[in-house]
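# Survey of secondary and tertiary structure
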Amino acid sequence: MPSERSEKLIREQLHKAGIEINGGNPWDIQVHDARVYDRVVAQGNLGLGESYMEGWWDCAQLDQFFDRILSAKLHQHLNPTRLLTHYLRAKFMNRQTPQRAWQVGKAHYDLNNEFYAAMLDSRMTYTCGYWRAAENLEQAQQAKLDLICRKLQLQPGMRLLDIGCGWGSLMGYAAEHYGVECVGVTVSEAQVAWAQEHYQSDKLTFRLQDYRDLNERFDCVVSVGMFEHVGRKNYATFFNVVERCLNDHGLFLLHTIGKNIRKSTPDPWVDRYIFPNGDLPTIEQIGEATSGKFVVEDLHNFGADYDKTLMAWHANFTQAWPQFKNTLGEPFERMWRYYLLSCAGAFRARDIQLWQWVFSRNGVRGGYERLS
């Protein structure tokens, strides 16, 4: 029977990563429905994630499960038979057109401000924290915000553009601690509403706007955790926008998740359930798109810190879940847990990265001072 062949294949692959089916370790999977084997062989991580959401299997420590799978590179040995259409769309379509760019705002960031407030730090910072000297999530996020401000060399009276400003944490911090004026754009109505309510300052302007419509000058430009939504077909356009908005002697900081392998397809499960139309860049792609426009002053990888950030979010999510259980439901709970812990495992395995790039238009005379 096909399921027997599929089960044998899955068992053999998992064994390479030290994972057993129905084993006793916290990273072993407990199978409740044998149909999972055919589904994973046919659909890869899409089938793995959907079958988890439907309760076909469980795992006590999903983060450890994915760390082992990705460290053993098992995903490179399975070639799902039903994902050709997804691959072709990712390769040839522009899935992040001005019309489609708003989809991720509605599907993900507009989910529920109260839910995000329960999961995130007090400033609602939904990007990787900086844990070098931090002992908790609050400290790690503040350290990240301050690191960005210092890397941009912000001074009182400067104007800062934040492309993908989220709930405004960086803008609020930069205005309070560095005396700058900030304009932020996002495609999330919920983020703009929250930021305008919580930041009553004439130094801060929040706009519901696509980045492609920006055309004014700023002393510095920053983009934190938004470039993952730009898409490979639009990288040149994105950096053209930054170029026309950045003053001649200004700095631009790009904070983005990135991948190691260029010829890869966006994860189909994440694309369907978490971040529609997402697309992680490689260093090569960013280098090509910025060629002739900017000088790379600094490149800082602290992707391992995203593991700690995601685990802290998961702890907050688990603690707060009872107050959202009746409105969001069990399938959402399983989906969100899978999202947070699979991503934590991926960063732990160094399968994906977190980069902060610092660019200048013409090069910093005398050199740029590396900060950490």
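Throughout what follows, the structure given in this document is the object of discussion. (Residues numbered from 1 in each chain as written. Predicted model: local features only at pLDDT ≥ 70, side-chain atom pairs only at ≥ 80, totals over all residues. Heavy atoms only, no water.)

Here we take up the overall build of the chain. Check the secondary structure of the chain and you find 16 helices and nine strands. Computed over C-alpha atoms, the radius of gyration of the chain comes to 21 Å, within 12% of the 21 Å expected from 2.2 N^0.38 for 372 residues, which places it in the range of a compact globule. For the C-alpha atoms alone, the extent of the chain along its principal axes is close to 70 × 45 × 40 Å. Here the chain holds 372 residues, and the buried ones make up 57% of them. Long-range contacts, defined here as pairs at least 24 residues apart, represent 74% of the contacts in the chain between residues at least 6 apart. (Helix = DSSP H or I, 4+ residues; strand = E, 2+ residues; numbered from the N terminus. Rg over C-alpha atoms; globule rule 2.2 N^0.38 Å. Buried < 20%, exposed > 50% of the residue type's maximum accessible area, 1.4 Å probe, protein only. Contact = heavy atoms within 4.5 Å.)

The next point concerns the packing of helix α8 (residues 137–151) against helix α9 (residues 169–178). It is the contact of α8 with α9, at a shortest axis distance of 10 Å, that shows an interaxial angle of 65°. Considered as vectors, α8 and α9 are oriented roughly perpendicular to each other. Considering only the axes of α8 and α9, their crossing is right-handed. Here α8 contributes Q142, L145, D146, I148, C149 and R150 to the contact with α9, which in turn contributes S169, L170, Y173, A174 and Y178. For the contact of α8 with α9, a count of residues per class yields seven nonpolar, two polar and two charged. (Axes fitted to C-alpha atoms, helices over the stretch in contact; angles between N-to-C directions. Parallel < 35°, antiparallel > 145°, perpendicular 65-115°, else oblique. Left-handed = near helix turned anticlockwise from the far one by under 90°. Nonpolar A, V, L, I, M, F, W, Y, C, P; charged D, E, K, R; others polar.)

Another point: a nonpolar patch on the surface. Side chains of I283, V296 and L299 sit close together on the surface and give an oily, nonpolar patch of about 210 Å² of accessible area. Mapped onto the secondary structure, I283 falls in helix α13 (residues 283–290). Accessibility expressed as a relative area gives 40% for I283, which makes it partly exposed. (Patch = residues over 30% accessible without salt bridge, like charges linked within 9 Å, V, L, I, M, F, W, Y side chains within 5 Å. Areas by Shrake-Rupley, 256 points an atom, 1.4 Å probe, with all protein chains shown as cover. Salt bridge = Lys/Arg side-chain N within 4 Å of Asp/Glu carboxyl O.)

Right, let's get into the packing of helix α2 (residues 35–43) against helix α3 (residues 45–53). The interhelical angle for the contact between α2 and α3, taken along N-to-C directions, is 145°, at an axis separation of 6 Å. Across the interface between the two elements, V36, R39, V40 and Q43 from α2 touch N45, L46, G47, L48, E50 and S51 from α3. Across the contact of α2 with α3, the residue classes break down as four nonpolar, four polar and two charged.

What the seven strands build is an open sheet, ordered β5-β4-β3-β6-β7-β9-β8; its pairing is mixed. The open sheet has two edge strands, β5 (204–208) and β8 (295–301), and neither has a second partner. Taken over all neighbouring pairs, the strand axes of this sheet differ in orientation by 15° on average, direction set aside. Bridge count between strand β4 (residues 181–186) and β5: five bridges; the pairing is parallel. Residue pairing for β5: V183 is matched across the bridge by T205. Against the sheet, α8 touches β6 (218–224), β7 (246–259), β8 and β9 (352–360), its axis set at about 30° to β9. Across the sheet, helix α11 (residues 235–245) touches β3 (159–163), β6 and β7, and the angle it forms with β7 is around 155°. (Pairing = 2+ DSSP bridges.)

Positionally, P266 belongs in the loop between β7 and α12 (268–273). Sequence separation between P266 and H32 is 234 residues; the distance between their C-alpha atoms is 28 Å.

Our focus in this paragraph is the nonpolar core. Nonpolar side chains in soluble globular proteins tend to end up buried together. Of all hydrophobic cores here, the largest spans 94 residues; its most connected members are W57, F65, Y126 and W336. Counting residues in each nonpolar core, the second largest holds 26 residues, with Y211, M226, F227 and C245 among its members. (Core = buried A, V, L, I, M, F, W, Y, C linked by side-chain atoms within 4.5 Å.)

Let us now look at the environment of T256. Checked against the element boundaries, T256 lands in strand β7. Owing to a relative accessible area of 0%, T256 belongs among the buried residues under this scheme. Sequence separation between T256 and W355 is 99 residues, and the spatial gap between their C-alpha atoms is 5.5 Å. When sequence neighbours within four positions are dropped, the list of residues in contact with T256 reads F227, E228, P281, I286, Q353, L354, W355 and W357.

Glancing now at the environment of D210. Mapped onto the elements of the fold, D210 is located in the loop between β5 and β6. For the pair D210 and P98, spaced 112 residues apart in sequence, the C-alpha separation works out to 7.1 Å. Of note is the side chain of D210, whose polar atom sits 2.8 Å from the side chain of R212. (Polar contact = N/O pair within 3.5 Å; in protein donor to acceptor, adjacent residues only side chain to side chain.)

Here the focus is helix α14 (residues 304–320). A rise of 1.5 Å per residue sets the reference length of α14, with its 17 residues, at 24 Å; its end C-alpha atoms lie 25 Å apart and thus fit the reference within 8%. Within α14 the residues assigned to the buried category are D305, Y306, D307, T309, L310, A312, W313, H314, F317 and A320. Each element contacted by the buried residues of α14 is listed here: α7 (113–119), α8, β7, α16 (330–348) and β9. (Expected span 1.5 Å × (residues − 1).)

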